[in-house]
Amino acid sequence: MYHAKLDTFPAGFLWGAASAAYQVEGAADADGKGKSVWDEFSKVPGKTFENTNGDVAVDHYHRVLEDVALMKEMGLKTYRFSIAWARVFPSGEGEVNEDGSRFYDRLIHALLANGIEPMVTLYHWDLPLALEKKYGGWRSRKTADAFVEYARVVMERYRHQVKYWITFNEQNVFMSLGYRFGAHPPGIRDFKTMMEANHIVNLANARVVKLAHEIDPSYRIGPSFGYGPSYSYDCDPNHVLAAMNADAFNNDWWLDVYVKGRYPKALLYQLEKAGLAPTIREGDYDILAQGRPDFLGMNYYHGGTVQWNRYENQTLADGKDFNKTDPYQMQAQWSQAPETRMFETAKNPHLKTTAWGWEIDPVGFRVALRKMYDRYELPILVTENGIGAIDKLEADHTIKDPYRIEYLRTHILEMRKAITDGVEVLGYCAWSFTDLLSWLNGYKKRYGFVYVDRDDKSERTLNRYKKDSFFWYRDVIAQNGNAIEEKEGEQ
Ligand code: BGP
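Residues numbered from 1 in each chain as written. Predicted model: local features only at pLDDT ≥ 70, side-chain atom pairs only at ≥ 80, totals over all residues. Heavy atoms only, no water.

> Explain the overall build of the chain to me, using residue names and the numbers behind them.
The secondary structure content of the chain amounts to 17 helices and 15 strands. For 491 residues, the compact-globule estimate of 2.2 N^0.38 gives 23 Å, and the C-alpha radius of gyration of the chain, at 22 Å, lies within 12% of that figure. In terms of overall dimensions, the chain has a C-alpha envelope of 60 × 60 × 45 Å along the principal axes. Partitioning the contacts of the chain with sequence separation of at least 6, the portion at a separation of at least 24 is 77%. Accessible area for the chain stands at about 19700 Å²; split by element, carbon and sulfur atoms hold 52% of it. (Helix = DSSP H or I, 4+ residues; strand = E, 2+ residues; numbered from the N terminus. Rg over C-alpha atoms; globule rule 2.2 N^0.38 Å. Contact = heavy atoms within 4.5 Å. Areas by Shrake-Rupley, 256 points an atom, 1.4 Å probe, with all protein chains shown as cover.)

> So what's going on with empty space enclosed by the protein? Which residues, and what values?
Scanning the model with the defined rule gives seven cavities of 30 Å³ or more in all. Estimated volume of the largest cavity: approximately 100 Å³. If you go around the largest cavity, you meet 13 residues; those closest to its centre are Val37, Tyr123, Trp125, Phe174 and Pro185. Sorting the residues of the lining of the largest cavity by element identifies helix 2 (37-41) and helix 8 (171-180) as the ones contributing at least two each. The element contributing the most residues to the lining of the largest cavity is helix 8, with three residues. Class assignment of the residues belonging to the lining of the largest cavity gives a composition of 10 nonpolar, two polar and one charged. Within this model, the second largest cavity holds a volume of roughly 80 Å³. Along the walls of the second largest cavity sit Ala21, Tyr22, Glu25, Gly26, Ala28, Lys33, Ser36, Asp39, Gly54, Ala84, Arg87 and Asp126, which together make up its complete lining. (1 Å grid on protein atoms, 1.4 Å probe; cavity = no way out; pocket = protein on both sides within 12 Å on 5 of 7 lines; lining within 4 Å. Points joined across faces, edges and corners; volume = space filled by probe spheres on them. Nonpolar A, V, L, I, M, F, W, Y, C, P; charged D, E, K, R; others polar.)

> Please provide a residue-by-residue account of the environment of Ala18, values included.
Tracing the chain through its elements places Ala18 in strand 1 (residues 14-18). With relative accessibility at 0%, the residue Ala18 sits in the buried group. C-alpha of Ala18 to C-alpha of Met119: the two residues are 101 residues apart in sequence and 8.8 Å apart in space. In contact with Ala18, not counting residues within four places along its chain, are Tyr79, Arg80, Thr383, Cys429, Ala430, Trp431, Ser432 and Phe433. (Buried < 20%, exposed > 50% of the residue type's maximum accessible area, 1.4 Å probe, protein only.)

> So, the sheet that holds strand 9 (residues 344-346): which residues are in play, and what are the values?
The strand order across the open sheet built from three strands is 6-8-9, with neighbouring strands paired in mixed fashion. The open sheet terminates on both sides in strands that have one partner only, identified here as strand 6 (230-232) and strand 9. Going across the sheet, the axis of each strand differs from the next one's by a mean of 50°, ignoring polarity. Sheet contacts for helix 10 (residues 237-260): strand 6 and strand 8 (304-307); angle to strand 6, the most-contacted strand, approximately 170°. (Pairing = 2+ DSSP bridges. Axes fitted to C-alpha atoms, helices over the stretch in contact; angles between N-to-C directions.)

> For the pairing of strand 7 (residues 296-299), give the residues involved together with the corresponding values.
Along strand 7, one buried face is formed by Leu296 and Met298 and the opposite face, lined by Gly297 and Asn299, is buried too. Judged from the three bridges that link them, strand 5 (residues 220-226) and strand 7 form a sheet pairing that is parallel. For Gly226, the partnering residue across the bridge sits in strand 7 and is Asn299. Sheet analysis places strand 7 next to strand 12 (residues 380-384), joined by four bridges and oriented parallel. Residue Met298 lies in a different strand from strand 12, and its bridge partner there is Val382.

> I'd love a proper account of the pattern of salt bridges, names of residues and values included.
As enumerated under the stated definition, the model contains 45 salt bridges in all. The closest approach of N and O atoms between Lys371 and Asp247, which form a salt bridge, is 2.4 Å. In this pair, Lys371 sits in helix 15 (residues 362-376) while Asp247 sits in helix 10, placing the two residues 124 residues apart along the sequence. Its relative accessible area of 29% is what places Lys371 among the partly exposed residues. Among the charged side chains, a salt-bridge network with shared partners connects Asp391, Asp401, Arg404, Asp435, Arg446 and Lys467. (Salt bridge = Lys/Arg side-chain N within 4 Å of Asp/Glu carboxyl O.)

> Got a sec to walk through the site of the ligand? Specific residues and values, please.
If you check the shell around the ligand, you find 15 residues, and the closest are Gln23, Glu170, Ser438, Lys445 and Tyr447. Within the side chain of His124, one N or O atom sits 2.8 Å away from an oxygen atom of the ligand. A distance of 2.6 Å separates an oxygen atom of the ligand from a polar side-chain atom of Ser438. When the ligand sits alone it has 380 Å² of accessible area, and the protein chains cover 92% of it. The class makeup of the residues in the shell around the ligand is six nonpolar, six polar and three charged. (Near = heavy atom within 4 Å. Polar contact = N/O pair within 3.5 Å; in protein donor to acceptor, adjacent residues only side chain to side chain.)

> Run through the pairing of strand 12, naming residues and quoting values.
Two faces, one strand: in a regular strand the side chains alternate between the faces of the sheet. Most of strand 12 is tucked away, with five of its five residues classed as buried. Where strand 12 and strand 13 (residues 425-431) come together, three bridges link them in parallel fashion. Looking at the pairing, Val382 lines up with Tyr428 of strand 13. Handedness of the crossover is the feature at issue here: the chain leaves strand 12, passes through helix 16 (residues 402-421), returns alongside strand 13, and the resulting connection is right-handed. (Right-handed = clockwise from strand over helix to strand, strands pointing away.)

> Give me the lowdown on the nonpolar core, citing residues and values where you can.
Nonpolar side chains in soluble globular proteins generally cluster together in the buried interior. Residues Trp138, Met155, Met415, Tyr428, Phe433 and Tyr473 are the most contacted members of the largest nonpolar core, which totals 135 residues. Here this core gets 14 residues from one element, more than from any other, and that element is helix 9 (residues 191-215). Core analysis: the next-biggest nonpolar cluster, separate from the first, contains 17 residues, Leu14, Val24, Tyr164 and Phe295 among them. (Core = buried A, V, L, I, M, F, W, Y, C linked by side-chain atoms within 4.5 Å.)

By themselves, these observations are geometric and do not establish any function.
See the structure below:
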């Protein structure tokens with residue numbers, strides 16, 4: 001779609017930046033905080049990059065006022081952060097821990113005092129460890145009950161202070177990595193278990209959305225989804241069908257439930273036949289139907305390219321570590337990776353990648369916004385987007401990060417085009433405000449506008465330094481994004 005002139009960003013557009021409790025706070029057991037599953041998992045040797053963990057992180061817990069002052073200086077309109085459930089309820093349920101909760105009182109108060117809208121994520125992966133031990137975490141509906149109670153306490157506490165709430169951060173990611181691929185806690189590798197746990201999270205999500213509207217009808221609440229649109233490898237109709245399958249498997253499976261209260265029919269049918277569909281109890285669909293969000297949060301980093309599945313595409317199957325004539329291998333493949341019947345990933349020859357191999361695809365961001373909006377017709381809040389890179393602190397304490405500016409500029413430009421196309425976007429939170437811990441990639445993969453002087457081995461000074469991108473984004477915000485235009489020769 002060509003536009004001779006781009007629309008301006010709406011007045012009140014929420015320019016922001018994001019973080020998550022475990023990745024920034026540190027103070028792992030301060031003021032009565034209980035342990036989370038990440039506190040335990042990150043201590044198992046070999047689970048994270050060079051055994052890094054969030055015990056100290058970037059010490060946001062103790063430097064919160066300094067960090068908010070930097071946000072103010074930058075002109076942030078919103079700051080997205082998560083609450084560590086185990087600070088409020090050290091065992092996940094029971095008595096509220098006032099001492100721990102007061103940290104969020106201070107943070108929210110400081111944000112409001114500086115004219116910054118707090119945007120609160122209720123769950124960014126740090127499940128209280130006690131719930132994992134007692135109930136088996138998200139495999140139990142008791143954990144969903146505890147989550148609803150925790151959300152109630154927090155949403156009542158911050159009435160009249162917080163308007164924007166995120167239920168779950170990237171349910172698709174913490175479910176897949178935690179229950180299917182074993183790379184996140186609880187380290188399980190079983191597809192069917194993931195499906196069951198995922199259904200329970202869906203119920204928790206819907207209950208909390210409903211509850212938020214009961215507590216305060218002016219609340220705006222939704223999930224943040226890790227969205228990656230699927231491209232067909234080329235115009236071979238078999239690849240096109242594969243891309244449809246990939247979208248259903250990677251995206252619609254979650255988003256349809258959030259918005260429509262049901263699973264996409266064709267995929268559900270396939271999983272039922274394979275014995276892999278979640279157990280749906282009587283009444284579950286009623287719960288899901290009552291949890292329609294006010295917006296969809298989108299975390300966008302990149303999408304993916306797919307081709308025809310290995311079972312039908314003989315050339316592909318031949319080259320893979322998979323033997324079609326071996327019935328046991330076939331069975332294992334089906335029960336643990338049903339998508340191999342539907343599509344196969346492929347390399348996209350048009351895209352460059354970051355140092356960590358993530359595709360850089362700003363146009364894909366416009367595609368993502370368009371697709372999500374076309375299918376669900378809900379406003380979109382971009383809750384994460386950014387580039388992980390190795391930054392260098394110069395002797396004069398400057399940090400030159402033109403690659404980050406270019407990444408963000410091209411993505412914001414595509415978002416502006418999507419708005420001009422007709423997509424309703426409420427705000428944009430870059431990932432991240434300060435440097436922080438990358439779950440599996442330690443401290444050297446940096447995302448922030450603010451450099452934090454620490455590395456994987458040592459906490460060093462933990463001093464904060466503004467990167468070049470800090471000043472650039474400050475100007476973007478001051479102009480409400482409207483200086484982000486196409487450069488000559490860019491299309
Ligand atoms: C998202 C998470 C964030 C953040 C980001 C960058 O999936 O919601 O918490 O970590 O990805 O990922 P990484 O740290 O792996 O580079």
